[in-house]
Amino acid sequence: MKNVTLIKGDGISPEISDSVVKIIEASGVKINWDVQTAGADVAEIEGDPLPKRVIESVLKNKTALKTPVTTPIGKGFRSVNVRLRKELDLYANIRPCKNIEGIKTPFRGVDLVVVRENTEDVYAGIEEKIDEDTMHSIKIITRKASLRIAEYAFEYALKNGRKTVWAVSKANICKLTDGLFLECTREIAKNYPQIEYKEILVDALCMQLVQNPAKFDVLVMPNLYGDIVSDLTAGLIGGLGIAQGANIGTDCAVFEPVHGSAPDIKGKNLANPSALLLCAISMLKHINEFDGAKKIENAFLSVIKEGKILTSDLGGSASTTRFTDEIISKMK
């Protein structure tokens with residue numbers, strides 16, 4: 001039996017995590033869940049939205065399934081996600097983006113992966129107040145981090161039968177920082193002659209993603225661009241409700257959906273657990289539970305394709321519970 005940390009956050013997190021745990025149990029996969037809590041509610045009780053016990057649990061178990069955590073906008077505590085990635089050195093953020101049959105979208109043939117550097121850039125939140133009218137945010141790009149994420153992108157492409165890696169930057173303006181990022185990706189690309197290497201500016205990428213997204217394969221980029229582009233790509237396949245993500249480090253891996261905590265529907269049994277379920281499927285593959293992962297994936301895709309029992313954000317009217325039960329029924 002595998003030990004996995006389950007991090008429950010705010011808003012709809014308890015509902016969708018209960019749904020996914022129930023589906024995994026129904027598949028026959030045996031997991032010993034080390035349940036931890038984090039987020040705004042925990043901060044009020046323990047004084048820290050990311051208590052040390054959460055980090056210790058992930059370090060011990062090496063694998064975690066994490067639900068959304070509320071991050072205050074413009075004030076309050078620092079992002080739990082950023083802290084978690086930094087403290088565990090989860091340097092690679094992986095966000096697959098592929099059309100799912102049954103999800104209506106204007107875009108077809110989408111099958112790409114955003115590989116996002118996860119530890120530095122302006123997204124790391126290193127800021128200072130110069131005076132009342134001036135704030136300073138520091139953009140840090142290092143050779144070490146850039147080489148590491150570039151190598152991960154090419155290795156991912158190689159292992160998953162991908163043909164092309166695109167390096168995404170704004171090196172025409174950020175000549176030193178993004179210039180270093182490109183220098184590093186070019187260096188790594190030389191070691192993978194079987195993978196085609198291309199470069200594109202991030203603004204041009206955004207335009208082309210909504211013109212012809214099917215042309216793109218693996219996209220590797222610095223932290224902030226990765227956060228923005230991965231939400232854009234989620235929109236290509238139907239929205240954040242089906243957008244999965246993984247944070248991978250040398251020793252640990254944390255799988256989490258892209259969407260937020262949706263406090264407006266908390267406790268109403270309306271939340272869509274699909275994104276977290278897709279994360280769980282990837283997590284099961286990560287811990288070598290391939291049969292269970294395939295069983296769940298097939299059941300989920302069958303429910304989506306039929307389109308009869310879906311949550312409201314997917315075009316249906318089913319509750320979280322009803323949607324969960326329908327997926328389980330397809331595994332029998």
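Preceding block: the structure.
Predicted model, so just to flag it, every value in this text is computed and none were measured.

Definitions and limits used
Residue indices follow the written sequence of each chain, beginning from 1 at its first position. Totals for whole chains, interfaces and linings use all residues, but because this is a predicted model, local features are given only for residues with pLDDT of at least 70 and pairs of side-chain atoms are given and counted only at 80 or more. Computation of side-chain values covers all heavy atoms of the structure but excludes hydrogens and water. Pairing of aromatic side chains here covers Phe, Tyr and the six-membered ring of Trp, requires ring centres within 6.5 Å, and sorts the geometry by plane angle: under 30 degrees stacked, over 60 edge-to-face, intermediate tilted. Labels follow the DSSP assignment, with helices taken as runs of H or I lasting at least four residues and strands as runs of E lasting at least two, numbered in each case from the N terminus. Three labels apply to residues, based on accessible area from a 1.4 Å probe with only protein chains included: buried if under 20% of the type maximum, exposed if over 50%, partly exposed otherwise in between. A carboxyl oxygen of Asp or Glu within 4 Å of a side-chain nitrogen of Lys or Arg is what we treat as a salt bridge. Only protein atoms enter the 1 Å grid used here, on which a cavity is any set of points holding a 1.4 Å probe that cannot leave and a pocket is any open set flanked by protein within 12 Å on both sides along at least five of seven lines; residues with an atom within 4 Å of a point are listed as lining. Grid points are joined across faces, edges and corners, and a volume is the space filled by probe spheres set on the points. Polar here means any residue outside two lists: the nonpolar Ala, Val, Leu, Ile, Met, Phe, Trp, Tyr, Cys and Pro, and the charged Asp, Glu, Lys and Arg; Gly therefore counts as polar. Only C-alpha atoms enter the line fits that serve as axes; for helices the fit covers just the stretch in contact. Angles between N-to-C directions range over 0 to 180 degrees. Reported orientations rely on four angle classes, namely roughly parallel under 35 degrees, roughly antiparallel over 145, roughly perpendicular from 65 to 115, and oblique for the rest. Here a crossing is called left-handed whenever its near helix is offset anticlockwise from the far helix by less than a right angle, and right-handed whenever the offset is clockwise. In this analysis, two residues are considered to be in contact whenever any of their non-hydrogen atoms come within 4.5 Å of each other. To count as a disulfide, a pair of cysteine sulfur atoms needs to be within 2.5 Å.

J.: Can you tell me about the packing of aromatic side chains, naming the residues and giving the values?
T.: Enumeration according to the criterion identifies four aromatic pairs in this entry. Ring centres of F154 and Y197 lie 6.1 Å apart, and the angle between their planes is 40°; on these two criteria the pair is classed as tilted. Of the two residues, F154 is situated in helix 5 (residues 143-159) and Y197 in strand 9 (residues 196-201); the sequence distance between them amounts to 43 residues. In this structure F154 comes out as buried when scored by relative accessible area, which is 1%. Through successive ring pairs, a cluster of aromatic residues spans F154, Y192 and Y197.

J.: Describe unusual backbone geometry, listing the residues and the values that go with them.
T.: In the Ramachandran plot, D121 falls in the positive-phi region, its phi being about 70° despite a non-glycine side chain. Even without a glycine there, the phi angle at N269 is positive, about 60°. For N269, a relative accessible area of 29% puts it in the partly exposed group.

J.: Please provide a residue-by-residue account of the pattern of salt bridges, values included.
T.: Applying the stated criterion across every chain, the model contains 26 salt bridges. The salt bridge involving E256 is made with R85; its shortest N-O contact spans 2.9 Å. Of this pair, E256 sits in strand 12 (residues 253-257) while R85 is found in helix 4 (residues 80-87), placing the two residues 171 residues apart along the sequence. Like E256, the residue R85 is buried in the burial classification. A salt bridge links R162 to D111, with the shortest nitrogen-to-oxygen separation between them at 2.9 Å.

J.: Any chance you could break down empty space enclosed by the protein for me, citing the residues and the numbers?
T.: Enumeration over the complete set of coordinates arrives at two cavities of 30 Å³ or more. Quantified by volume, the largest cavity comes out at close to 50 Å³. Around the largest cavity sit R95, P96, C97, S230, T233, A234, I237, A243, Q244 and V258, which together line it. Of all the secondary structure elements, the ones that give two or more residues to the lining of the largest cavity are strand 4 (92-98) and helix 8 (223-236). Of the residues contributing to the lining of the largest cavity, the split by class is six nonpolar, three polar and one charged.

J.: Lay out the packing of helix 1 (residues 13-27) against helix 11 (residues 320-329) in plain terms, naming residues and giving numbers.
T.: Between helix 1 and helix 11, the shortest axis-to-axis distance is 10 Å and the interhelical angle comes to 15°. Considering their axes alone, helix 1 and helix 11 lie roughly parallel with respect to each other. The two elements helix 1 and helix 11 meet at a crossing, and its hand is right-handed. Within the contact between the two elements, helix 1 uses E15, S19, K22, I23 and A26 and helix 11 uses T320, T324, D325, I327 and I328.

J.: Give me the environment of A280: which residues, what numbers.
T.: Mapping A280 onto the fold places it in helix 9 (residues 274-286). Judged by relative accessible area, which is 1%, A280 ranks as buried. Separated by 215 residues in the primary sequence, A280 and L65 have C-alpha atoms spaced 6.8 Å apart. Not counting chain neighbours up to four residues away, the residues in contact with A280 comprise V20, I24 and L65.

J.: Before we move on, can you summarise the state of the cysteines with the specific residues and values?
T.: Inspection of every chain in the model, using the stated rule, returns zero disulfides. In this model C184 remains outside any disulfide bridge; the closest cysteine sulfur is found in C174, 15 Å from its own. A relative accessible area of 0% places C184 in the buried class. Here C206 stays unpaired: no disulfide links it, and the sulfur of C97, its closest cysteine neighbor, is 13 Å away. Since its relative accessible area comes to 22%, C206 is described here as partly exposed.

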